Number of protein chains: 2
Amino acid sequence: MTYCYEYPRPAVTVDVVAFTVQQKRLQVLLVKRRKPPFAGAWALPGGFVGIDEPLEAAASRELAEETGVKEAYLEQLYTYGDPQRDPRGRVISVAYFALLPADAPVRASGGDDAARAQWLPADHLPPLAFDHADILAYAIRRLRYKLEYSAVGFQLLPATFTLSELQQVYEVILGEKLDKRNFRRRILRAGIIEPTPHHRGGGGRPARLYRYKADAVAEVKARRLFP
Amino acid sequence: MTYCYEYPRPAVTVDVVAFTVQQKRLQVLLVKRRKPPFAGAWALPGGFVGIDEPLEAAASRELAEETGVKEAYLEQLYTYGDPQRDPRGRVISVAYFALLPADAPVRASGGDDAARAQWLPADHLPPLAFDHADILAYAIRRLRYKLEYSAVGFQLLPATFTLSELQQVYEVILGEKLDKRNFRRRILRAGIIEPTPHHRGGGGRPARLYRYKADAVAEVKARRLFP
DNA sequence: CCAAAAGTGTTTGCTCTACACCCATGG
DNA sequence: CCATGGGTGTAGAGCAAACACTTTTGG
């Protein structure tokens, strides 16, 4: 292994854009920076990639450090490498996006190290450090887009859920009302979720619970669901 | 600027998957490695990212070094960071994909440094060095996919072209015959190309020449063209 | 029995697909 | 006049969009 001769090397980090849906809003996980640069500003959780650490493992680790959540849908987003993006020097950042179930055991603003991590609503964001506003904007675009043709929506829900809950996730993210009957027909025809025998009572008639088929996660058809 | 203390840093490279269409086949630009590891094997063109060089600039430079082509459609593909992907040590590679017009002034297998760069048909590839076979497979998938919903096809053609030429590009890449009338209707309705007043004679009736609208390149609608 | 949320079909318009013949030029 | 590739329209099928009432439970 040869390090640090021949050429100077950039630092490599991962940044994670973690989404969840709470209180009928799309929420993003942000941390408050304590050190300069941008001390006091909000930023995406992230950090350096270990020299023997796979990129996705680094993203997963950063996410776990801030939330305590070990398992989540995680996908590489884009790599940001503008030489000026970090005033301290050349830092190349591989951005990931993560979807957390609404019931994930998140300890944001809980433990010692994670005290600074918080969910903030995506439609009402403060200014962000570095180029994180760009990264976040792109992540939201990609999330909307993915929702339209694949069917990652249920990654934001518990293991079982009602169709109304699923529809609400779609409405929150796409920012528009959807027709109940058309939504159900399409989501069922897509064949990625299946009914369970259970129901959940609430303010009215109990709703059937659904779960996603395990095999469907793999073969996420590249078919458009919501034009 | 602080380099090389605190943590060891990975090396960062770019690799470029450059496509063109020649002889009714999709061709990929590859170079023959002269040094170990994988000496003698084919590989994607690529190299280290300069410490003050933007990522896309590095990709563009590598492409120009191998082909002499300065301007081409270039898009970030994915970042490969498996710790074992390079036997020499930790190397993170940001992969790009490039589309070159059929008439680009490519000097592959021409000049001194570029003597080793060659176009090889994508459907008949030799084993590749590192994880380049994975990268290439993904690039082809992405190319097909992009062709279906956006309309990058004309990036593989000269500034003006006939509809038959454009259709042939689509057929070569998608690997299936398309209906002439349906193809024309859709590609014209998409509004990204426009007729010129000129025609080109050939073996039969002269064909109208088209060009892509300059403004259309920006607003590549995310609308599916070929389901 | 009333409030609250779940569940369920049909009609209409549009888009995609399949398909076959005439046209303009060069040799 | 013949060979070569360029250019054009329509009918049928499948999909998406709009739309309102009945059902089940808890209080």
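Within each chain, residues carry numbers counting from 1 in the order of the written sequence. Whichever chain is written first is A, and whichever ligand is written first is 1; the rest continue in order. This being a predicted model, a pLDDT of at least 70 is required before a residue's local features are given, and a value of 80 or more before pairs of side-chain atoms are given or counted; all residues contribute to the totals for chains, interfaces and linings. Calculation of side-chain values draws on the structure's entire complement of heavy atoms; hydrogens and water are dropped beforehand.

**Topic: the pattern of salt bridges**
Between side chains of opposite charge, a pair can form as their charged atoms come close. Residue and element names in this part refer to chain A. Where we set the bar: Any carboxyl oxygen of Asp or Glu that lies within 4 Å of a side-chain nitrogen of Lys or Arg is treated as forming a salt bridge with it. Under the scheme used here, helices are H or I runs from DSSP no shorter than 4 residues and strands are E runs no shorter than 2 residues, and both carry numbers assigned from the N terminus. Burial status follows relative accessibility: with a 1.4 Å probe on protein chains alone, a residue under 20% of its type maximum counts as buried, one over 50% as exposed, and anything between as partly exposed.
The final tally for this structure, using the stated rule, is 24 salt bridges over all chains. The partner of Glu-165 in a salt bridge is Arg-200, with the nearest N and O atoms 2.3 Å apart. Of the two residues, Glu-165 sits in helix α3 (residues 163–174) while Arg-200 sits in strand β8 (residues 193–200), which places them 35 residues apart along the sequence. For Glu-165, a relative accessible area of 27% gives the class partly exposed. When its relative accessible area of 33% is taken as the criterion, Arg-200 is described as partly exposed. Through salt bridges that share partners, Glu-53, Arg-61, Glu-62 and Glu-65 make up one connected network.

**Regarding the packing of helix α2 (residues 132–149) of chain A against α3(A)**
Residues and elements named next belong to chain A. What counts here: Interaxial angles span 0 to 180 degrees and are taken between N-to-C directions of axes, which are lines fitted to C-alpha atoms, for helices over the stretch in contact. Put simply, angles under 35 degrees are roughly parallel, angles over 145 are roughly antiparallel, angles from 65 to 115 are roughly perpendicular, and the rest are oblique. Whether a crossing is left-handed or right-handed is set by the direction in which the near helix is turned from the far one by less than a right angle, anticlockwise for left-handed and clockwise for right-handed. We call two residues in contact when some of their heavy atoms are within 4.5 Å. Lys, Arg, Asp and Glu make up the charged group, whereas Ala, Val, Leu, Ile, Met, Phe, Trp, Tyr, Cys and Pro make up the nonpolar group; the residues left over, Gly among them, are polar.
Look at α2 against α3: their axes get within 10 Å of each other, and the N-to-C directions meet at 135°. For the element pair α2 / α3, the angle class is oblique. In terms of crossing hand, the pair formed by α2 and α3 is left-handed. Along its contact with α2, which presents Leu-143, Arg-144, Leu-147 and Glu-148, the element α3 presents Tyr-170, Ile-173 and Leu-174. The residue inventory of the contact of α2 with α3, partitioned by class, reads 5 nonpolar, no polar and 2 charged.

**Quick notes on the protein's contact with DNA strand D**
Convention followed: Near is defined per residue: the residue qualifies when any heavy atom it owns lies within 4 Å of the molecule or strand. Within 3.5 Å is the distance limit for a polar contact, defined as a pair of N or O atoms, with the added protein rule that one can donate a hydrogen and the other accept it, and that residues adjacent in sequence qualify only through two side-chain atoms.
The environment of DNA strand D is made up of 19 residues, and the closest members are Arg186(A), Lys180(B), Gly204(B), Arg205(B) and Arg208(B). When the atoms of DNA strand D within 4 Å of the protein are sorted by group, sugar and phosphate make up 35%. For DNA strand D, a phosphate oxygen lies 2.8 Å from a polar atom in the side chain of Arg186(A). Arg185(B) has a polar side-chain atom sitting 3.1 Å from a base oxygen of DNA strand D. Among the elements of the structure, α4 (180–189) of chain A together with α4 (180–189) and β9 (207–212) of chain B are those that each provide at least two residues to the surface near DNA strand D.

**Considering a positive patch on the surface**
All names here are of chain A. Test applied: Within the patch definition used here, like charges are joined within 9 Å and nonpolar side chains (Val, Leu, Ile, Met, Phe, Trp, Tyr) within 5 Å, considering only residues with over 30% relative accessible area and no salt bridge. Note on areas: Shrake-Rupley with a 1.4 Å probe; residue coverage comes only from the protein chains shown. None of His or the chain ends enter the tally, which takes Lys and Arg as positive and Asp and Glu as negative. Think of each charge as sitting on NZ of Lys, CZ of Arg, CG of Asp or CD of Glu.
Residues Lys-180, Arg-181, Arg-185 and Arg-189 make up a contiguous surface patch of positive charge. The topology assignment puts Arg-189 in helix α4. You can call Arg-189 exposed: its relative accessible area is 62%.

**Section: the packing of aromatic side chains**
The geometry of two aromatic rings is summed up by the distance between their centres and the angle between their planes. Residue and element names in this part refer to chain A. To keep things clear, this is the line we draw: Think of it this way: a Phe, Tyr or Trp ring, Trp meaning its six-membered ring, pairs with another when their centres are within 6.5 Å, and the plane angle makes it stacked under 30 degrees, edge-to-face over 60, tilted otherwise.
Overall, the coordinates contain 18 aromatic pairs over all chains when judged by the stated rule. Judged by centre distance (4.6 Å) and plane angle (15°), the ring pair of Phe-154 and Tyr-212 falls under stacked. Pair noted here: Phe-154 is in the loop between α2 and α3 and Tyr-212 is in strand β9 (residues 207–212), with a separation of 58 residues, a long-range link. Assessed through its relative accessible area of 5%, Phe-154 is described here as buried. For Tyr-212, a relative accessible area of 24% translates into the label partly exposed.

**Side note on the packing of α3(A) against α4(A)**
All names here are of chain A. Direction vectors running N to C along α3 and α4 enclose 100°, while the axes themselves pass 11 Å from each other. If you check the angle between α3 and α4, you find them roughly perpendicular. Along the contact surface, α3 presents Leu-163, Ser-164, Leu-166, Gln-167 and Tyr-170, while α4 presents Lys-180, Phe-183, Arg-184 and Ile-187. Along the lines of polarity and charge, the residues of the contact of α3 with α4 split into 5 nonpolar, 2 polar and 2 charged.

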